[in-house]
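Here's the letter readout for the chains.
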Amino acid sequence: MINYIVFLRGINISGKNKVPMGELKINCEEIGLAEVKTYLNSGNVAFSCNQDDKEIITKQLEWMIKDKFGLHIPVFVISKDELQDVLCHAPGWWGNANKEVYDNLIFIIRPATFHEVFSEIGPPKDSIEQIDNYKEAVFWSFIRKDYQKSNWWSKTANTNISNMLTIRTADTVRKICGM
């Protein structure tokens, strides 16, 4: 069995795209996923299965969400081992205990690439935010009090780019990886 993590993009935000986590868990089990656990109400799911093709898992989850909840939700699937590898490659400035800095991990949803995301958003704003990419993830940190001045803050929600990404805080990613 392979352990996987799934991040659903844009669910349960301000009453939109409602997907109750208890129902999601049951529906994941019904399509053959085992040891299903959810975390928070924002579409974080850990499970195990024998399937080693992430594209097949992605399609199964997209279909199930469309069928059971009537939503077309971008889905990012990563094995737990791959996520641990990503976290092992975090830059030193990312995810530390500095409360003045907000640390996120941006997951790039295939077929999008880092180059496409960077071309759309542009470079981080010096002295306010930092980015570094590794595989399908972008480590992104910014000064909390200056978030509105950052380049990436508003642009990650832009409709040209938002369906290519799903974002989690450093703490959330670490917690999910430990499940």
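Here's a quick rundown of the structure.

### Considerations on the nonpolar core
What tends to happen in soluble globular proteins is that the nonpolar side chains get buried as a cluster. Judged by nonpolar contacts, the single largest core of 22 residues is most densely connected at Val6, Leu8, Leu24, Cys28, Phe47, Leu61 and Ile65. Elements supplying a minimum of two residues to this core: strand E1 (2–8), helix H1 (21–30), strand E3 (44–49), helix H2 (54–69) and strand E4 (75–79). When residues in this core are grouped by element, the largest group, five residues, is from H2. If near-sequence neighbours (up to four positions away) are discounted, Leu8 is found in contact with Leu24, Ser42, Gly43, Ile65, Ile73, Pro74, Val75, Thr166 and Arg168. Phe7, Ile78, Leu105 and Cys177 belong to the second-largest nonpolar core, a separate cluster that totals 19 residues.

### Looking at the sheet that holds strand E7 (residues 137–143)
Taken together, the four strands give an open sheet; going across it, the order is E6-E7-E5-E8, and neighbouring strands pair in antiparallel fashion. Sheet topology places strand E6 (129–134) and strand E8 (165–169) at the edges, where each strand pairs with a single neighbour. On average, adjacent strands in this sheet sit at an angle of 20 degrees to one another, irrespective of strand direction. Here helix H3 (residues 80–88) sits on the sheet in contact with strand E5 (101–108), E6 and E7, set at roughly 135 degrees to E5. Strands E5 and E8 of the sheet are contacted by helix H6 (residues 170–177), whose axis makes an angle of about 90 degrees with E8.

### A look at the sheet that holds strand E2 (residues 34–39)
Read across the open sheet, the four strands follow the order E2-E3-E1-E4; overall the sheet is antiparallel. Both edges of this open sheet fall to E2 and E4, since each of them pairs with a single strand only. Each neighbouring strand pair of the sheet contributes to a mean axis angle of 20 degrees, computed without reference to strand direction. Pairing geometry for E2 and E3, over four bridges, is antiparallel. Bridge pairing links Thr38 to Val45 in E3. The strands touched by H1 within the sheet are E1, E2 and E3, with E2 carrying the most contacts at an inclination of about 160 degrees.

### Some points on the pattern of salt bridges
If the charged atoms of two oppositely charged side chains come close together, the side chains can form a pair. For the coordinates displayed, the defined rule picks out eight salt bridges. A salt bridge links Glu82 to Lys54; the nearest nitrogen and oxygen atoms lie 2.9 Å apart. Remark: Lys54 occurs in helix H2 and Glu82 occurs in helix H3; sequence separation between them is 28 residues. Residue Glu82 is classed as partly exposed on the basis of its relative accessible area of 32%. Salt-bridge contacts for Arg110 lead to Glu55; the nearest nitrogen and oxygen are separated by 3.3 Å. With a gap of 55 residues between them, Arg110 in the loop between E5 and helix H4 (114–121) and Glu55 in helix H2 connect regions that are remote in the sequence. When its relative accessible area of 33% is taken as the criterion, Arg110 is described as partly exposed. Residues participating in the shared-partner salt-bridge network are Glu55, Arg110 and Glu136.

The rules behind each value
- Residues numbered from 1 in each chain as written.
- Predicted model: local features only at pLDDT ≥ 70, side-chain atom pairs only at ≥ 80, totals over all residues.
- Heavy atoms only, no water.
- Core = buried A, V, L, I, M, F, W, Y, C linked by side-chain atoms within 4.5 Å.
- Buried < 20%, exposed > 50% of the residue type's maximum accessible area, 1.4 Å probe, protein only.
- Helix = DSSP H or I, 4+ residues; strand = E, 2+ residues; numbered from the N terminus.
- Contact = heavy atoms within 4.5 Å.
- Pairing = 2+ DSSP bridges.
- Axes fitted to C-alpha atoms, helices over the stretch in contact; angles between N-to-C directions.
- Salt bridge = Lys/Arg side-chain N within 4 Å of Asp/Glu carboxyl O.

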